[in-house]
Amino acid sequence: MGDELALDLEELRQLQSLAKRPRVLSLISSEIRNLEKEPISVPVPTPTQLATGVKVPPTPALNYVTLGSFSWDQDNDKVKIYVSLEGVKQENIETDFKPMSFDVKFHDVQGKNYRCAIPKLNKEIELEKCKVLVKPTRVIITLFKASKGNWLDLHYKEDKLKPNLGKDRDPMAGIMDLMKNMYEEGDDEMKKTIAKAWTDARSGKAADPLQGYR
């Protein structure tokens, strides 16, 4: 490689001495400068070349302990989540805030890795304002609300008891959806009652599917 580089430089310098047009001279000079800066590389065998057939083990994935128990409070502008965890260092925190979720990881806390995450929040948050504050015995995660107001819960929850009655939707379909939700969330007695009402409605015995448990 070093010999080839020297020969290239010698030939370019010869061309430079013969060239007359300014543009050609500039191009040749530029190429000479580039070659003069190029280091002479000596190939060094890599560990895999030295030990043929020996595979380097991949870096193991980090394991995290999920922090599912925490407290929280709120005001009109923000939500604060209080996580009881000692030994956390601010520089060992990894945050991932998104409009409807967050994932905060705490690395190397007394030899373990922890994470606190909510995959779908009640409402949207402002990413650039969210922060994590480390205290001696706990960590405070502050989420700033995208729109002011009260959150009924941290987690997003659909209003299952509210039938979706659009202009073009059959009202009976909304009632059937309501019955399905009540069946899924009810006790054994409620399920028996709803199942009977459902059967009667299908067989035409009852015009109103809710008649069986009103």
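Residues numbered from 1 in each chain as written. Predicted model: local features only at pLDDT ≥ 70, side-chain atom pairs only at ≥ 80, totals over all residues. Heavy atoms only, no water.

(A) Expanded view of the nonpolar core. Membership of the largest hydrophobic core comes to 24 residues, with the highest contact counts inside it found for Phe97, Phe102, Phe106, Ile141 and Leu143. When contributions to this core are tallied by element, the ones reaching two or more residues are strand E3 (78–84), strand E4 (93–98), strand E5 (101–109), strand E6 (112–118) and strand E8 (138–144). Element by element, the count of residues in this core is highest for E5, at 4 residues. What phenylalanine 97 contacts, discounting residues up to four positions off in sequence, is Phe102, Val104, Ile125, Leu127, Cys130, Lys131, Val132, Ile141 and Leu143. With 7 residues, the next largest nonpolar core counts Leu9, Leu12, Ala19 and Ile32 among its residues. (Core = buried A, V, L, I, M, F, W, Y, C linked by side-chain atoms within 4.5 Å. Buried < 20%, exposed > 50% of the residue type's maximum accessible area, 1.4 Å probe, protein only. Helix = DSSP H or I, 4+ residues; strand = E, 2+ residues; numbered from the N terminus. Contact = heavy atoms within 4.5 Å.)

(B) Structural view of unusual backbone geometry. Its identity as a non-glycine residue notwithstanding, aspartate 108 has a phi of 55°, on the positive side. By the element assignment, aspartate 108 lies in strand E5. Of note in the backbone geometry, glutamine 110 takes a positive phi value of approximately 55° without being a glycine. Take glutamine 110: it is sitting in the loop between E5 and E6.

(C) How the structure looks around the sheet that holds E3. Strand order in the open sheet made by the 4 strands is E2-E3-E8-E7, with antiparallel pairing throughout. The outermost strands of the open sheet, each flanked by one partner alone, are strand E2 (71–74) and strand E7 (131–134). Taking each pair of neighbouring strands and ignoring which way they run, the sheet shows an average axis angle of 20°. With 7 bridges connecting them, E3 and E8 associate as antiparallel partners. Note on E8: the bridge partner recorded for isoleucine 81 is isoleucine 141. (Pairing = 2+ DSSP bridges. Axes fitted to C-alpha atoms, helices over the stretch in contact; angles between N-to-C directions.)

(D) Expanded view of the pairing of E7. Here E7 runs beside E8; their pairing, made up of 4 bridges, is antiparallel. Paired with valine 132 across the bridge in E8 is isoleucine 141. Connecting E7 to the next strand, E8, in antiparallel fashion are 3 residues.

Read these as layout, nothing more, since geometry by itself doesn't imply function.
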